[in-house]
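Residue strings, one per chain:
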Amino acid sequence: MTKTAKTATLCVQGGWKPKNGEPRVLPIYQSTTFKYDNTEEMADLFDLKKEGYFYTRLQNPTNDAVAAKIAALEGGVGAVLTSSGQAANFYALFNICEAGDHFVTSNEIYGGTYNLFGVTLKKLGIECTFVSQEASEEEISKAFRPNTKALFGETISNPGGQILDIEKFARIAHKHGVPLIVDNTFPTPVNCRPFEWGADIVTHSTTKYMDGHATQVGGCVVDSGNFEWDEKFPGLTTPDESYHGLTYTKAFGKMAYTTKLVAQLMRDLGSIPAPQNSFLLNLGLETLHLRMPRHCENAQRVAEFLQSDPRVAWVHYSGLPSDKNYALAQKYMPHGTCGVIAFGVKGDRQTAVRFMDALQLIAIVTHVADARTCVLHPASHTHRQLSDEQLREAGVAPDLIRLSVGIEDVEDILADIRQALDKI
């Protein structure tokens, strides 16, 4: 695979290059362990002196091939697959943060991530400050502290559909000497590559568009290799006593971040995907470049219909010229954003519930971003653990309906929405 291979080619053939007589399709290495002829070979693997496979909790050929494909799609130097998108965000931060550290994050993020950052990480001694991503650079900078280790945001927020000004966030992060971590789940690298705009680490819930068929749960952390780790990050720049005093930045250069994530965090915490799940993810990735344009085309039609219907109170979709995020979407994702629309129907929360219960083709599921059109009421479902104030801070109105437009015939999708609106 050449370094100049285009996105479509990487989707189909990236990560796995079979040798003569090997399987054309990436095989499932469904084995926990790998055999060696002598003790010294195994010892060198444990000491990180050689590359190879000895236990799937650390590395597996199927997992690594898919990670390599995603790294190539994002333009990164390396990637690590995790057992879920939540695990990916946790590992991305925990790889550089420890008890007593702090990070800054946009408040326009997925409800589960909001709880992970604001509640669970706090129990581990890692604090965060939530900021409005629409605030000025000066205002966001006020949230930084001497012990701040990262800035975090979502390329397209879930469920509000707000577009992150990646360049602005990158400037702020780098001004304070920390990396920008961006969750790129919704646009995928087909529509946006955050590294090209200054981001340093990218995460994904591969459960969503990358899989595209709701068959596996997974995540991924990708390193750009561009951030210069210094003494502010002792876990990377000082000796790791659990590996005989090895220093990751000295031993592995641009691969320091991903190597530490695997060798230290996966070793101790073990949130790996099963090889079978990675195999399914790879099948989804092979058609990602075909599915994303269809998702965007269908969502554009649906958003325009909702905007014109008098029974709909409001619509947030950055493909609409009237949307406040339209300019940012055109800058960062000129070929399309994703298939997720946020809107509200006129009435109260119960009106939204009646609309959703009347849908027939469109299913109510705790999922988003796959081939089938689905719908969710975040205030009642994914974000129900948040207070009304926290909901507002996260950009989730009580009447917000998250509609994930699939790749079915758009006329059928529109017909189902019409008949449901007729019943409210």
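Above this text sits the structure in question.
The sections below set out a description of the structure shown in this document. Within each chain, residues carry numbers counting from 1 in the order of the written sequence. Local features in this predicted model are restricted to residues whose pLDDT is 70 or higher, and side-chain atom pairs enter the listing and the counts only when it is 80 or higher, whereas totals over whole chains, interfaces and linings include all residues. Hydrogen atoms and water are omitted, and side-chain values are computed over all heavy atoms in the structure.

Notes on the packing of helix α4 (residues 85-94) against helix α5 (residues 111-123)
Then, number 1: Where α4 meets α5, the closest approach of the two axes is 10 Å, and the angle between their N-to-C directions is 45°. Overall, the two elements α4 and α5 adopt an arrangement that is oblique. α4 and α5 meet at a crossing whose hand is right-handed. Of the residues in α5, those touching α4 at Q86, N89, F90 and L93 are G112, T113, L116, F117 and L121.
Then, number 2: Looking at the contact of α4 with α5, its residues break down into 5 nonpolar, 4 polar and no charged. Structural elements are reduced to axes, namely lines fitted to C-alpha atoms, with helices fitted over the stretch in contact, and the angle between N-to-C directions of any two is expressed from 0 to 180 degrees. Comment: elements are numbered from the N terminus, with helices defined as DSSP H or I runs of at least four residues and strands as E runs of at least two. Working rule for angles: under 35 degrees goes down as roughly parallel, over 145 as roughly antiparallel, 65 to 115 as roughly perpendicular, anything else as oblique. Handedness of a crossing follows from how the near helix is turned relative to the far one, being left-handed for an anticlockwise turn of less than a right angle and right-handed for a clockwise one. The contact rule is simple, with two residues in contact once any of their heavy atoms fall within 4.5 Å. Any residue outside Ala, Val, Leu, Ile, Met, Phe, Trp, Tyr, Cys, Pro, Asp, Glu, Lys and Arg is labelled polar, Gly included; the first ten of those are nonpolar and the last four are charged.

Some remarks on the layout of surface pockets
Then, number 1: Method remark: on a 1 Å grid restricted to protein atoms, a set of points is classed as a cavity if a 1.4 Å probe fits but cannot get out and as a pocket if it is open with protein on both sides within 12 Å along at least five of seven lines; lining residues have an atom within 4 Å of a point. Grid points are joined across faces, edges and corners, and a volume is the space filled by probe spheres set on the points. Quantified by volume, the largest pocket comes out at close to 1100 Å³.
Then, number 2: Every element with two or more residues in the lining of the largest pocket is listed here: α2 (39-46), α3 (61-74), β1 (78-82) and α11 (256-269).
Then, number 3: For the lining of the largest pocket, the per-class residue count stands at 27 nonpolar, 11 polar and 5 charged.
Then, number 4: The wall of the second largest pocket is formed by 22 residues, among which Q86, Y110, N158, S205 and K208 lie closest to the centre.

Focus: empty space enclosed by the protein
Then, number 1: Within the structure shown, the criterion is met by 1 cavity of 30 Å³ or more.
Then, number 2: Quantified by volume, the largest cavity comes out at close to 40 Å³.
Then, number 3: Taken together, I156, G161, H316, Y317, S318, T337, C338 and V340 make up the full set of residues lining the largest cavity.
Then, number 4: Among the residues making up the lining of the largest cavity, the classes are represented as 4 nonpolar, 4 polar and no charged.

Notes on the packing of aromatic side chains
Then, number 1: Two aromatic rings from Phe, Tyr or Trp, using only the six-membered ring of Trp, form a pair when their centres are within 6.5 Å; if the ring planes differ by under 30 degrees the pair is stacked, by over 60 it is edge-to-face, and anything between is tilted. Enumeration over the complete set of coordinates arrives at 15 aromatic pairs.
Then, number 2: A centroid spacing of 5.7 Å and a plane angle of 40° characterise the contact between F34 and Y53, whose relative ring orientation is tilted. Here F34 is found in the loop between α1 (7-13) and α2, whereas its partner Y53 is found in the loop between α2 and α3, with 19 residues between them in sequence.
Then, number 3: Partly exposed describes any residue whose relative accessible area lies between the buried limit of under 20% and the exposed limit of over 50%, with all areas from a 1.4 Å probe on protein chains only and scaled to the type maximum. F34 gets classed as buried once you look at its relative accessible area, which sits at 17%.
Then, number 4: Seen from their ring centres, F103 and F117 are 4.9 Å apart, and the 85° between their planes marks the pair as edge-to-face. With F103 in strand β2 (residues 102-106) and F117 in helix α5, this residue pair connects regions lying 14 residues apart in the sequence. For the pair formed by F103 and F117, the shared burial category is buried.
Then, number 5: Each member of the aromatic cluster is reached from another via a ring pair, and the members are F227, W229, F233 and Y257.

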